[in-house]
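# Working through the structure, step by step
Take a look at the letters that make up each chain.
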Amino acid sequence: MATFRLQGSRVLAVDMTGDAVKAKNGSMVAYDGQMAFKKMTGGGEGVRGMVTRRLTGEQMTVMEVKGHGTCWFADRATEINLVQLRGEKLFVEAGNLLCTDGGLRTGTQFTGVRGASQGNGLFTTTVEGSGQAAIMSDGPAVVLRVSRQFPLTVDPGAYVAHQGDLRQNLQSGVTFRTLLGEGGGEAFQIRFEGEGLVYVQPSERTTIAGDV
């Protein structure tokens, strides 16, 4: 299995001994040894994943990298976070996924109205199996734990990913910008309940559901 390690907080180094990884197309910045690169269609598994992404706008162009040596990945100097999966499923916005172990399965899953509120489609990217994944964030990501006693409410623009036994639903709410009179539309928030982890970034992406 390929070994993921960070060099600084914005560059991912992957050591491979004949292994393969899937990475965001164009994210390779350097490599040594013998590497082969192949562009993959879609980003989900098989034709169904490809068609789903095209219909929902959950775009993800992926390349497979295989060989012996070390390959370095980065994307627009964003911060990189490593996630270890042990048979679990990771839900992540397509634009925040940098690289996964070749053995991890990627696909899409319906997320209901939350996706519509963000303008990112009704589906989100899933990564499942045992291995490592590297996700990106605009600024250092914060990992917040959700428990049954302590649910979590997140701004959709700051949401990056989540894992664990979590339920999510969209709710209208008030943000600090609304309180300051800077909001121009209805504010939405995502409420997570259950047991798991939520990754948020200290920067808000633009959404189409009003100011969030």
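The following paragraphs examine the structure supplied in this document. (Residues numbered from 1 in each chain as written. Predicted model: local features only at pLDDT ≥ 70, side-chain atom pairs only at ≥ 80, totals over all residues. Heavy atoms only, no water.)

## Considerations on the nonpolar core
Core analysis: the largest hydrophobic core is formed by 17 residues, its most contacted members being L12, V14, V21, F73 and C99. The set of elements that each furnish at least two residues to this core consists of strand 2 (12-24), strand 4 (62-73), strand 6 (97-101) and strand 8 (123-137). Tallying contributions element by element places strand 2 first for this core, with 5 residues. Residues in contact with V14, not counting those within four places in the same chain, are A2, T3, F4, V21, G69, T70, C71, F73 and C99. (Core = buried A, V, L, I, M, F, W, Y, C linked by side-chain atoms within 4.5 Å. Buried < 20%, exposed > 50% of the residue type's maximum accessible area, 1.4 Å probe, protein only. Helix = DSSP H or I, 4+ residues; strand = E, 2+ residues; numbered from the N terminus. Contact = heavy atoms within 4.5 Å.)

## A closer look at the pairing of strand 2
Here strand 1 (residues 3-6) pairs with strand 2 via 4 bridges, running antiparallel. Paired with F4 across the bridge in strand 2 is V14. Connecting strand 1 to the next strand, strand 2, in antiparallel fashion are 5 residues, including G8 with a positive phi near 75°. Alignment of strand 2 against strand 4, held across 12 bridges, turns out to be antiparallel. (Pairing = 2+ DSSP bridges.)

## Digging into the environment of M136
Examined against the element boundaries, M136 turns out to sit in strand 8. Expressed as a C-alpha distance, the spacing of M136 and N81, which sit 55 residues apart in the sequence, is 6.2 Å.

Any functional reading would require information beyond the geometric quantities listed.
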